Amino acid sequence: MTTASTNMIALAVVGAHLTGQPLNYQLQERHATLLKTCETASTYRFYALANTQPAKPGLVKVLDGSGVGIEVEVWQLSAEGFGTFVAAVPPPLVIGTLDLEDGSSVKGFLCEPYVIADAQDISQYGGWRNYLASSGKTS
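The name given to the protein chain in an unreviewed UniProt entry is Allophanate hydrolase C-terminal domain-containing protein, with the source organism recorded as Nostoc cf. commune SO-36.

Okay, here's the thing in structure tokens:
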């Protein structure tokens, strides 16, 4: 979602960029504003990616009916801030379009499907914070 008059872009984050998580500073230093916390549409699977520092999840859209809603934070950045943010996103993460529970769509974090072979499916937790809490981790 881009607003032409304000030149702002909404971005959904699902893991290490959430409030209180280790990469949230990357949004803060770009003067991003938290718009809301919500869930994706029930068309995603969520994975704890292997060998990432800090620990990161991956979100993959599925069309087989096995998807669930995953908690996200939607932030607003300037077009310039969005551009520099996206340029720094490391593979296998990508920025794509996420469908939200209210029927709207925003740019947001997804991951390339090839990495899920080595990842743990954590969809049942409904979000990164719940997963971290269940595993005794803080980030």
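Engineer: Mind laying out the overall build of the protein chain, listing which residues take part and the relevant values?
Structural biologist: The secondary structure content of the protein chain amounts to three helices and nine strands. Secondary structure of the protein chain in N-to-C order comes out as β-β-α-β-β-β-β-α-β-β-β-α. Taking 14 Å as the expected radius of gyration for a compact globule of 139 residues, we find that the protein chain reaches 14 Å, a close match to that expectation. Along the first, second and third principal axes, the C-alpha atoms of the protein chain reach 40 × 30 × 25 Å. Here the protein chain holds 139 residues, and 47% of them are scored as buried. Relative to all contacts within the protein chain whose residues are 6 or more apart in sequence, the contacts with residues 24 or more apart total 67%. Here the protein chain has roughly 6800 Å² of accessible surface; of this, 52% comes from carbon and sulfur atoms.

Engineer: Pulling in residues and values, what's your account of the nonpolar core?
Structural biologist: Of all hydrophobic cores here, the largest spans 38 residues; its most connected members are L27, L59, V74 and W128. The set of elements that each furnish at least two residues to this core consists of β2 (8-13), β4 (44-48), β5 (57-61), β6 (71-78), α2 (79-87), β7 (93-99), β8 (105-111) and α3 (128-135). With five residues, β2 is the single largest residue contributor to this core. When residues no more than four places from it in sequence are discounted, the contact partners of V74 are A10, L11, A12, T33, L34, L35, K36, C38, L100 and V106.

Engineer: Hey, could you go over the state of the cysteines for me, with residue numbers and the actual values?
Structural biologist: A full pass over the atoms with the stated rule returns zero disulfides. Among the cysteines around C38, which has no disulfide bond, C111 carries the closest sulfur, lying 19 Å off. Given a relative accessible area of 5%, C111 falls into the buried group.

Engineer: Describe in detail unusual backbone geometry, supporting the description with residues and values.
Structural biologist: Between Q53 and the following residue, P54, the backbone shows a cis peptide bond with an omega angle of -10°. Tracing the chain through its elements places P54 in the loop between β4 and β5. Backbone torsion omega between P91 and P92 reads 10°, so that peptide bond is classified as cis. Considering the arrangement of structural elements, one finds P92 in the loop between α2 and β7. Notably, H31 is not glycine yet its phi reads approximately 60°, a positive angle.

Scoring rules and cut-offs
- Residues numbered from 1 in each chain as written.
- Predicted model: local features only at pLDDT ≥ 70, side-chain atom pairs only at ≥ 80, totals over all residues.
- Heavy atoms only, no water.
- Helix = DSSP H or I, 4+ residues; strand = E, 2+ residues; numbered from the N terminus.
- Rg over C-alpha atoms; globule rule 2.2 N^0.38 Å.
- Buried < 20%, exposed > 50% of the residue type's maximum accessible area, 1.4 Å probe, protein only.
- Contact = heavy atoms within 4.5 Å.
- Areas by Shrake-Rupley, 256 points an atom, 1.4 Å probe, with all protein chains shown as cover.
- Core = buried A, V, L, I, M, F, W, Y, C linked by side-chain atoms within 4.5 Å.
- Disulfide = S-S within 2.5 Å.

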